[in-house]
Amino acid sequence: MPINIEEIIENAFEHAFSRALEQTLQAKAEQLFKQAFANGSPLAKKLEAKMEEGFQRFIEEGIRWEKKKVGFKK
């Protein structure tokens with residue numbers, strides 16, 4: 001069976017392009033999310049409130065001083 005070098009090269013370029021595009025899009029998306037989560041933004045405030053709720057829940061329900069299963073109550 002003959003090897004088609006042109007096809008191999010084309011596939012390599014397609015894969016390289018796809019990886020580079022994915023990395024670029026991820027970097028751009030990360031920048032957008034960092035801006036969205038910047039201090040003082042509405043999304044950052046909402047996230048902080050959710051984190052506080054989760055922290056309080058963990059403190060109240062997740063820590064057991066007795067021999068019981070650790071974790072959140074369902």
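Whatever comes next refers back to the structure up there.
Sequence order as written defines residue numbering, which begins from 1 separately in each chain. Only residues with pLDDT of at least 70 get local features here, since the model is predicted, and only at 80 or more are side-chain atom pairs given and counted; chain-wide, interface and lining totals rely on the full set of residues. As a rule here, side-chain values cover all heavy atoms of the structure and leave hydrogens and water aside.

**Examining the overall build of the chain**
Defined as follows: Think of it this way: any DSSP run of H or I at least four residues long counts as a helix, any run of E at least two long counts as a strand, and we number them from the N terminus. Any residue under 20% of the maximum accessible area for its type is buried, any over 50% is exposed, and the rest in between are partly exposed; the area is computed with a 1.4 Å probe on protein chains only. What sets the accessible areas is the Shrake-Rupley method with a 1.4 Å probe; for residues, cover comes only from the shown protein chains.
Along its length, the chain carries two helices and zero strands. Here the chain, with 74 residues, has 4% of them falling under the buried criterion. Carbon and sulfur atoms form 61% of the exposed surface of the chain, whose accessible area is close to 7400 Å².

**Here we look at a nonpolar patch on the surface**
This is how the line gets drawn: Distance thresholds for patches are 9 Å for like charges and 5 Å for nonpolar side chains (Val, Leu, Ile, Met, Phe, Trp, Tyr), applied to residues having over 30% relative accessible area and no salt bridge. In the sections that follow, a salt bridge refers to a side-chain nitrogen of Lys or Arg positioned within 4 Å of a carboxyl oxygen of Asp or Glu.
A cluster of nonpolar residues, Ile3, Ile5, Ile8, Ile9 and Phe13, forms a patch on the protein surface that exposes about 550 Å² of accessible area. On the accessibility criterion, Ile9 (42% relative accessible area) is partly exposed.

**Re the packing of aromatic side chains**
Note the threshold: Only Phe, Tyr and Trp rings take part, Trp by its six-membered ring, and two of them pair if their centres are within 6.5 Å. Stacked means planes under 30 degrees apart, edge-to-face means over 60, and tilted covers everything else.
All chains considered together, the criterion is met by one aromatic pair. Summarising the aromatic geometry, the rings of Phe33 and Phe37 are spaced 6.3 Å apart at their centres and angled 20° between planes, so their arrangement reads as stacked.

**Examining helix H1 (residues 5–36)**
Residues lying three or four places apart along an α-helix face the same way, a consequence of the helix completing one turn every 3.6 residues. To keep things clear, this is the line we draw: Multiplying one less than the number of residues by 1.5 Å gives the expected span of a helix. Any N or O atom pair separated by 3.5 Å or less is treated as a polar contact, with the protein-specific requirement of one donor-capable and one acceptor-capable atom, and with residues adjacent in sequence counted only for side-chain atom pairs.
Taking 1.5 Å per residue, 32 residues should reach 46 Å; H1 reaches 46 Å between its end C-alpha atoms and fits that length. The N-cap residue of H1 is Asn4: its side-chain oxygen and the backbone nitrogen of Glu6 are 3.2 Å apart.

**Examining the pattern of salt bridges**
For the coordinates displayed, the defined rule picks out three salt bridges. A salt bridge links Lys34 to Glu30; the shortest N-O distance between them is 3.3 Å. Placement of the pair is Lys34 and Glu30 together in helix H1, with a separation of four residues, close to one helical turn. On the basis of relative accessibility, which here comes to 56%, the residue Lys34 falls in the exposed class. Glu53 is the partner of Lys50 in a salt bridge, and the nearest nitrogen-oxygen pair spans 4.0 Å. With Lys50 and Glu53 both in helix H2 (residues 42–62) and three residues apart, the pair spans about one turn of that helix.

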